[in-house]
Amino acid sequence: MTSLSIASDETERTRPGEEILGGRLSRARFARLLGLAAGDPYRVTEVSGRGRVVHVRLTQLSETESGPAPATYDFFFEARRPDRRGLLSGAHLTLWHHGAVLPAGLKAGLARRTGPALARLRFEDLLAALRADPEHTSALEERAASAGVDERETVGSGPALHELESCSVPSTGCHALTAPAIYADFFAAQEVRRASGCDTVDIYSDNTLIAHGDFECSYCAVTVPAPRYHFLRLGVQESVRDVGRPRHARGRFQESASVTDTFSTDINETDVILGEFGGVARVLDHAAAHGEKDQLMCVGLCLPDVIGADLESVVARHPESPSKPLLFVPPAPRSWNWLAHDLLKTRRKRLDSEYAAAPNPRAINLIGFPDNQGTARLTALLAEFGVEVNTHVLPGLQLKAIARLPRAALDVYCPNVYWEREYGFLGDESPRPGLMPDGPFGLQGTKRFLRAVLAALEGERRAEAALEARFESAARALTAPWGARCRQAAEHRLGFAVPAHGVHWLLDSAHSWGLPLLETTYEMGFGLDLFVGAADAAAATAAADRLAGQLPDGARARVALHTFHSLPEMMAALRESECEALFSNFVFDWRVSRAGKMPFSTLEFEMGLEGALATVERLLTICRTPLYRRFREFLPETPRPGDSPPRAARALEER
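Computed from a predicted model, the values in this text were never measured in an experiment.

**Considering the overall build of the chain**
Phase 1: If you tally the helices and strands in the chain, you get 24 helices and 19 strands.
Phase 2: For the chain, buried positions account for 53% of its 655 residues.
Phase 3: Pairs at least 24 residues apart make up 72% of the contacts formed inside the chain by residues separated by at least 6 positions.
Phase 4: Split by element, the accessible area of the chain, about 29,400 Å² in all, is 54% carbon and sulfur.

As structure tokens, then:
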């Protein structure tokens, strides 16, 4: 009998909208069910049950001879229905496959083990296996956070949006004003995850871009020659931290400052009808001759993909100069994963052998840290402790930086749930140990970061000795202004609102670009208003209690917890709270402005000692700005036809 067969109640089903996500035990059980052997190049990375579907995702760990293979394969188990035929069927279960064509070895494993197992299993057995997993509860919260959807709030059954990209669940949009998972999400979790490809990876600073498509498409594509405007505040951007700084001191995540770094094939109607011949090669030659950056990157836009243009073969035939390598981003949903795989895994392995060198025992690689002034100051601080920063990788993807990776003794990753796959491309088969401490934000956060790095390089005892000898002297110049700003911060309050399933967004720095939000703002002296929402009072109270249990000792004196159960209740709680500023990763968030609060986000926070002082000064400026407090009565709900104008609007009209 398969290890998934667990005694279960025949009537056991998931409740409408409920989603069960399995942990390590479930992933191991379903790997055996799918016939995976120890040496197979696949790993079960997700298992979830929802409605009448259990979803299993396989991630491929190796690559084929022809290049990067599809990264994932999605399988769906459901109760058998006579009118539907799947990949495999049993007496009570049907297995479906979604995505790329299955490799022969994987299909053989399915036929050998999964087929016979389906003859014995019922759908209820799969759900019981998920519920028996001791990690399924915490994993469920993590998955809901990643998707930005509360398992209790989404209506309907079948696969969720994050399981099948082509699936449409209209009820999700219809419940935007009634589901706390949607209206109480100020972290923009789902939107940031969607933007975590081209919008958070720096392909601009080191690449001359060649767009294959019509020129009009470039107005909204990645090849625009100037910074774009976003609806999200992404942690890699420097739009706040660069204010008032000269150009040479600004962050490096910049789009092309000159049109000479961007080229387009500009295909037209004739090219579409008769076929495009030679244009891509000519533009590639021109870009190689006139582009100013170290790499060429050819990006396929939508139109060539629609007409079936074989851009990949054209790029493959183009001669690649060792001094100016040519990268290719195909027009497909996995485009940016393909690029990351190519650079961080395929090419890196070739570079590792080419640039092999004995690692410096006092050198580290910073991975996932922005290449900006905060990181530059952190690099200088590490140097005071005898630690050399060997290279930066991510958000930048420069081959020269990737080639230097083997020269360090330690990889230090910035916690980030949005780059876990990219981190995986770097971490496989690496002889270097990896470390992922919270980011160096605030004075104590910077000290903890230094302690973690030094301990990994030279041991706990020597790390403590080095910190005692040097940290106070490094921070001495900031002690007086830091203390003064923290005393001023004690007169102000900051607000954070989350849905019940997103409580850990406030506690886990991986959801805020390595920034431990509560620890850092609490250290600065601010009072904190925390708002937790769920559809029913019991769920909201339970989530608030979980959050309270994770707060620092003595924090309750400066922390106020609030619960809400509907959008009107949330807006009322936000308006009535004493906080002057409210966290949001959305640009121009109407929930913040209508509540009379000033917005702030991860962009106000900067790493390192000087960055800590700059951060508290920015937050004080935001709290002291009375714009929305003074004018919130002019920002009411959008009136419906026939409604009388609000009092403030009538007063303006009468003038």
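**What to know about a positive patch on the surface**
Phase 1: A contiguous patch of positive charge on the surface is contributed by Arg32, Arg112, Arg113 and Arg120.
Phase 2: Inspection of the secondary structure puts Arg32 in helix H1 (residues 24–33).
Phase 3: Taking relative accessible area as the criterion, Arg32 reaches 37% and is therefore assigned partly exposed.

**Description of helix H2 (residues 104–118)**
Phase 1: In this model, H2 (15 residues) spans 20 Å end to end at C-alpha, consistent with the 21 Å of a helix rising 1.5 Å per residue.
Phase 2: Maximal helix bending in H2 amounts to about 35 degrees, located at Ala111.
Phase 3: Where H2 is buried, its residues contact H1, strand E2 (42–50), strand E3 (53–60), strand E4 (72–79), strand E5 (88–89) and strand E6 (93–98).

**A short note on the pattern of salt bridges**
Phase 1: Scanning all chains against the criterion turns up twelve salt bridges.
Phase 2: The shortest N-O distance in the salt bridge between Arg57 and Glu46 comes to 3.7 Å. With a gap of eleven residues between them, Arg57 in strand E3 and Glu46 in strand E2 connect regions that are remote in the sequence.
Phase 3: Ionic pairing is found between Arg485 and Glu617, a salt bridge with its closest N-O pair at 3.2 Å.

**Examining the sheet that holds strand E16 (residues 527–533)**
Phase 1: Read from one edge to the other, the open sheet built from five strands follows the order E17-E16-E15-E18-E19, with strand pairing classed as parallel. Strand pairing shows two members of the sheet lacking a second neighbour, strand E17 (559–564) and strand E19 (598–600), which therefore form its edges. Sheet twist, expressed as the average angle between the axes of neighbouring strands with direction ignored, equals 25 degrees.
Phase 2: Helix-sheet contacts for helix H19 (residues 537–549) involve E16 and E17, and the interaxial angle to E17 is about 160 degrees.

**A word on the packing of aromatic side chains**
Phase 1: Considering all chains together, one arrives at twelve aromatic pairs under this definition.
Phase 2: Between Phe187 and Trp505 the ring centres are 5.4 Å apart and the planes differ by 50 degrees, which places this aromatic pair in the tilted class. Taken together, the residues Phe187 in the loop between helix H6 (180–183) and helix H7 (189–194) and Trp505 in the loop between strand E15 (493–499) and helix H18 (517–523) connect sequence positions 318 residues apart. Each of the two residues, Phe187 as well as Trp505, counts as buried.

**Some thoughts on the nonpolar core**
Phase 1: Ranked by size, the top nonpolar core spans 106 residues in total, and within it Phe496 and Phe526 carry the most contacts.
Phase 2: Of all the elements, helix H17 (residues 460–489) adds the most residues to this core, at nine residues.
Phase 3: Not counting residues within four places of it along the chain, the set of residues in contact with Phe526 comprises Ala489, His492, Leu494, Thr521, Arg558, Val616, Leu619, Leu620 and Cys623.
Phase 4: In this structure, Phe30, Tyr42, Ala117 and Leu126 belong to the second largest nonpolar core, which totals 27 residues.

**Focus on a nonpolar patch on the surface**
Phase 1: Together, Val272, Ile273, Leu274, Val306 and Ile307 make up a nonpolar patch on the protein surface, roughly 510 Å² of accessible area in all.
Phase 2: Broken down by element, the residue count for the nonpolar patch peaks at three residues, all from helix H8 (residues 269–274).

**So, the environment of Leu582**
Phase 1: The residue Leu582 is located in strand E18 (residues 581–583) in this model.
Phase 2: Judged by relative accessible area, which is 0%, Leu582 ranks as buried.
Phase 3: Taking C-alpha positions, Leu582 is 6.2 Å from Phe600, a pair spaced 18 residues apart along the chain.
Phase 4: Filtering out sequence-adjacent residues up to four positions away, Leu582 remains in contact with Phe186, Gly495, Phe496, Phe531, Leu574, Val592, Lys597, Met598, Pro599 and Phe600.

**Looking at the packing of helix H16 (residues 443–458) against H17**
Phase 1: Running from amino to carboxyl end, H16 crosses H17 at an angle of 155 degrees, the nearest separation of the two axes being 9 Å. One way to sum up the angle between H16 and H17 is to call them roughly antiparallel. Note that H16 runs across H17; the crossing there is right-handed. Residue-level contacts link Leu443, Lys447, Leu450, Arg451, Leu454, Ala455 and Glu458 of H16 to Glu460, Arg462, Ala463, Glu464, Ala466, Leu467, Phe471, Glu472 and Trp482 of H17.
Phase 2: Residue composition of the contact of H16 with H17, grouped by class: nine nonpolar, no polar and seven charged.

**A word on empty space enclosed by the protein**
Space left empty within the atom packing is revealed by a probe, the size of a water molecule, rolled over the atoms.
Phase 1: Inspection of the entire model under this criterion finds four cavities of 30 Å³ or more.
Phase 2: Along its surface, the largest cavity is lined by 16 residues, and Gly235, Arg241, Pro370, Phe441 and Trp513 are the ones closest to its centre.
Phase 3: Across the lining of the largest cavity, the residue classes tally to nine nonpolar, five polar and two charged.

**Some details on the confidence of the model for the chain**
Phase 1: When pLDDT is averaged along the chain, the result is 75; 75% of the residues meet or exceed 70.
Phase 2: Low pLDDT (under 50) marks residues 1–17, which in the prediction has 44 contacts with non-local residues, meaning those over four places away or in another chain.
Phase 3: Counting interchain partners and residues more than four positions distant, the pLDDT-below-50 stretch residues 639–643 has zero contacts.

**Quick notes on the pairing of E15**
Phase 1: Counting buried positions along E15 yields seven of seven residues, so the element is predominantly enclosed.
Phase 2: Going residue by residue along E15, you find Arg493, Gly495, Ala497 and Pro499 tucked away on one face and Leu494, Phe496 and Val498 tucked away on the opposite face as well.
Phase 3: Across seven bridges, the pairing between E15 and E16 is parallel. Bridge pairing links Pro499 to Gly533 in E16.
Phase 4: For the crossover that starts at E15, traverses H18 and ends in the parallel E16, the hand is right-handed.
Phase 5: In terms of strand pairing, E15 meets E18 through two bridges, oriented parallel. Counted as the bridge partner of Leu494 is Ala581 from E18.

Conventions and cut-offs
- Residues numbered from 1 in each chain as written.
- Predicted model: local features only at pLDDT ≥ 70, side-chain atom pairs only at ≥ 80, totals over all residues.
- Heavy atoms only, no water.
- Helix = DSSP H or I, 4+ residues; strand = E, 2+ residues; numbered from the N terminus.
- Buried < 20%, exposed > 50% of the residue type's maximum accessible area, 1.4 Å probe, protein only.
- Contact = heavy atoms within 4.5 Å.
- Areas by Shrake-Rupley, 256 points an atom, 1.4 Å probe, with all protein chains shown as cover.
- Patch = residues over 30% accessible without salt bridge, like charges linked within 9 Å, V, L, I, M, F, W, Y side chains within 5 Å.
- Salt bridge = Lys/Arg side-chain N within 4 Å of Asp/Glu carboxyl O.
- Lys, Arg positive; Asp, Glu negative; His and termini not counted.
- Charge placed at Lys NZ, Arg CZ, Asp CG, Glu CD.
- Expected span 1.5 Å × (residues − 1).
- Bend = angle between axes of the 7 residues up to and from the residue.
- Pairing = 2+ DSSP bridges.
- Axes fitted to C-alpha atoms, helices over the stretch in contact; angles between N-to-C directions.
- Phe/Tyr/Trp six-rings, centres within 6.5 Å; stacked < 30°, edge-to-face > 60°.
- Core = buried A, V, L, I, M, F, W, Y, C linked by side-chain atoms within 4.5 Å.
- Parallel < 35°, antiparallel > 145°, perpendicular 65-115°, else oblique.
- Left-handed = near helix turned anticlockwise from the far one by under 90°.
- Nonpolar A, V, L, I, M, F, W, Y, C, P; charged D, E, K, R; others polar.
- 1 Å grid on protein atoms, 1.4 Å probe; cavity = no way out; pocket = protein on both sides within 12 Å on 5 of 7 lines; lining within 4 Å.
- Points joined across faces, edges and corners; volume = space filled by probe spheres on them.
- pLDDT = per-residue confidence, 0-100.
- Right-handed = clockwise from strand over helix to strand, strands pointing away.

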